[in-house]
Amino acid sequence: MRPLKNIIGFYPGPSGIEKFKDELSVYDGAKGSVQFPLDNPIPFSLISRIVKFRVNENLKKAEAKGKKQ
């Protein structure tokens, strides 16, 4: 693990990590987080895809919750 001042932490949750585990395997991280080192280019395209995945996941959960009421 790198010192915290040399990384950017990203917290897409366990489902985001699982869905993109192959692409995230080159980075340090934990169950629901990943660390992007500042001495490498930030993978903005990957981050964007993860965020879109999580937004869709949350919208589906909210929709399902609304139908239960």
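Above this text you will find the structure in question.
Here the structure is a predicted model, which means the values were calculated and not measured.

Remarks on the environment of P43
1) Next: Tracing the sequence through the fold places P43 in the loop between β3 (34–37) and α3 (44–68).
2) Next: Along the primary structure P43 and L24 are separated by 19 residues, whereas in three dimensions their C-alpha atoms are 10.0 Å apart.
3) Next: Beyond its immediate stretch of four places on either side in the chain, P43 contacts Y27 and F36.

Regarding the packing of aromatic side chains
1) Next: A complete count under the given rule lists three aromatic pairs for this structure.
2) Next: Ring centres of F20 and F53 lie 5.9 Å apart, and the angle between their planes is 80 degrees; this geometry places the pair in the edge-to-face category. A residue pair is termed long-range when its members are at least 10 positions apart, and F20 in the loop between α1 (13–19) and α2 (21–24) and F53 in helix α3 qualify at 33 residues.
3) Next: Residue classification places F20 among the buried positions, given a relative accessible area of 9%.
4) Next: An angle of 80 degrees between the planes, with centres 4.9 Å apart, marks the rings of Y27 and F36 as edge-to-face.
5) Next: Clustering of aromatic rings is evident, with ring pairs tying together F10, Y27 and F36.

Rules used in this analysis
- The written sequence of each chain sets the order in which its residues are numbered from 1.
- In keeping with the predicted nature of the model, local features appear solely for residues at pLDDT of at least 70, side-chain atom pairs appear and are counted solely at 80 or more, and the whole-chain, interface and lining totals rest on all residues.
- To get the side-chain values, take all heavy atoms of the structure and skip hydrogens and water.
- Where helices and strands are cited, they refer to DSSP runs of H or I of at least four residues and of E of at least two residues respectively, numbered from the N terminus.
- By the convention used here, residues are in contact when the closest approach between their heavy atoms is within 4.5 Å.
- Think of it this way: a Phe, Tyr or Trp ring, Trp meaning its six-membered ring, pairs with another when their centres are within 6.5 Å, and the plane angle makes it stacked under 30 degrees, edge-to-face over 60, tilted otherwise.
- Categorising residues by exposure relies on relative accessible area from a 1.4 Å probe, with only protein chains included: less than 20% of the type maximum marks a residue as buried, more than 50% marks it as exposed, and the intermediate range marks it as partly exposed.

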